[in-house]
Amino acid sequence: MAGQIRENIRQTEANIREACVRAGRDSQEVTLIAVSKTKPVAMLQEAYDCGCRHFGENKVQELAEKYGQLPKDIKWHMIGHLQRNKVKYIVDKAYLIHSVDSLRLAEEISKEAGKKGITAHILVEVNIAREETKFGIAKEEAEELIREIAKLPSLRVEGLMAIAPYVENPEKNRQYFEDLYHLSVDIKEKNIDNINMSVLSMGMTGDYEVAVEEGATYVRVGTGIFGERHYDAV
Ligand SMILES: *Cc1c(COP(=O)(O)O)cnc(C)c1O
């Protein structure tokens, strides 16, 4: 399997560039996050050696452990549901927290960031397809939540994140990506203090090209880089 990760990264980056061309976008606007959850550090190191600097993890403990074992110039993205009592373990390790969907969680992040004298960068997660099984705030409630979060110190909202439904045909998610894009434009136009709507985190292995065509600035690709995940082997 040597070289497979390198080949997957090259292919994914090429697909992103082509999607940018189709959409008339500059490919510099899109950053690939290698979603490395459940994968051993040796595989992350391999991706790092191919130039990857953005890695995504969904568990606090796993992110913290890998953080300690890999080069310090890696930008770690917390993409999974975050419990308030675990915020303190990652607030100074995560470059961006993608999964903020309540004021209480934002307050905890603000508090812990303040204690450490840093500013935490966060995204507000939107449940764009209204799936009962998913976290995230409803589209209609996003602006109000963001206005509340904006008042907190030691924290800055950089944009929005969504996890689209699992589908065989990525075209089925195009409307959701478009919806998230429009929501971010609407909120940006309100010029809320302390809010920067420049980041859109959307698109995974099955649908990232469509997400890029609809305005994603971060795509989160796991399987497409590291292969299938085997949860029992971890
Ligand atoms: C696991 C995960 C991904 C990556 O999923 P793949 O389908 O393997 O690319 C992206 N985003 C989130 C939030 C995830 O939990």
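Because the structure is a prediction, the values reported are computed rather than measured.

A. A look at the side chain of E108. When you line up the elements, E108 lands in helix α5 (residues 103–116). Residue classification places E108 among the buried residues on the basis of a relative accessible area of 17%. Non-local contacts of E108, meaning those with residues more than four positions away in its chain, are made with R84 and V87.

B. Geometry of the packing of helix α1 (residues 4–23) against helix α2 (residues 41–49). Between α1 and α2, the shortest axis-to-axis distance is 9 Å and the interhelical angle comes to 50°. Here α1 lies oblique to α2, going by the angle between them. For α1 against α2, the interelement crossing comes out right-handed. Each of I5, R6 and I9 in α1 lies in contact with α2, whose residues at this interface are M43, E46, A47 and D49. Looking at the contact of α1 with α2 residue by residue, the class counts come to four nonpolar, no polar and three charged.

C. Local environment of helix α3 (residues 60–69). All of the buried residues along α3 are V60, E62, L63 and K66. Projected down its long axis, α3 carries its buried residues within an arc of 165°, all on one side. Exposed positions of α3 whose direction lies more than 90 degrees from the buried face are Q61, G68 and Q69. Residues of α3 that are buried in the fold lie against α2, β2 (54–57), β3 (75–78) and α4 (87–90).

D. Up close: the packing of helix α6 (residues 139–149) against helix α7 (residues 174–189). Following both chains from N to C, one finds α6 and α7 inclined at 30°, their axes separated by 11 Å at the closest point. Handedness of the crossing formed by α6 with α7: right-handed. Taken together, the residues of α7 that come into contact with α6 (itself represented by K139, A142, E143 and I146) are D179, L183 and I187.

E. Summary view of the pairing of strand β5 (residues 120–125). With five of its six residues buried, β5 lies for the most part within the structure. Here strand β4 (residues 94–100) pairs with β5 via two bridges, running parallel. Residue I97 lies in a different strand from β5, and its bridge partner there is I122. The parallel pair β4 and β5, bridged by α5, forms a crossover whose chirality is right-handed. Bridge analysis of β5 against strand β6 (residues 155–161) gives six bridges, and the strand direction is parallel. Pairing of I122 across the sheet is with V157, part of β6. With respect to chirality, the unit in which β5 leads through α6 into the neighbouring parallel β6 is right-handed.

F. Here's a closer look at the nonpolar core. Counting residues in each nonpolar core, the largest one holds 65 residues, and the members touching the most others are F55, L82, I97, I109, I149 and L160. Broken down by element, this core gets its largest block of residues, five residues, from α1. In this structure, I149 is in contact with V100, L103, A106, I122, V124, L155 and V157, ignoring residues within four places of it in sequence. Grouped together as the second largest cluster of nonpolar side chains are eight residues, I79, L96, M161 and V199 included.

G. A look at unusual backbone geometry. Positive phi, normally seen in glycine, also occurs at T38, with a value near 70°. If you trace the backbone, T38 turns up in the loop between β1 (31–35) and α2. Assessed through its relative accessible area of 16%, T38 is described here as buried. Notably, N194 is not glycine yet its phi reads approximately 70°, a positive angle. With respect to the helices and strands, N194 occurs in the loop between α7 and β7 (195–201).

H. Focus on the side chain of S36. As for its position among the elements, S36 is in the loop between β1 and α2. Looking at S36, its side chain comes within polar contact range of the side chain of E57, at 2.7 Å. In this structure S36 touches L44, F55, G56, E57, E62, K66, W76 and F226, once residues within four positions along its chain are discounted.

Parameters at a glance
Residues numbered from 1 in each chain as written. Predicted model: local features only at pLDDT ≥ 70, side-chain atom pairs only at ≥ 80, totals over all residues. Heavy atoms only, no water. Helix = DSSP H or I, 4+ residues; strand = E, 2+ residues; numbered from the N terminus. Buried < 20%, exposed > 50% of the residue type's maximum accessible area, 1.4 Å probe, protein only. Contact = heavy atoms within 4.5 Å. Axes fitted to C-alpha atoms, helices over the stretch in contact; angles between N-to-C directions. Parallel < 35°, antiparallel > 145°, perpendicular 65-115°, else oblique. Left-handed = near helix turned anticlockwise from the far one by under 90°. Nonpolar A, V, L, I, M, F, W, Y, C, P; charged D, E, K, R; others polar. Arc of directions from axis to C-beta. Pairing = 2+ DSSP bridges. Right-handed = clockwise from strand over helix to strand, strands pointing away. Core = buried A, V, L, I, M, F, W, Y, C linked by side-chain atoms within 4.5 Å. Polar contact = N/O pair within 3.5 Å; in protein donor to acceptor, adjacent residues only side chain to side chain.

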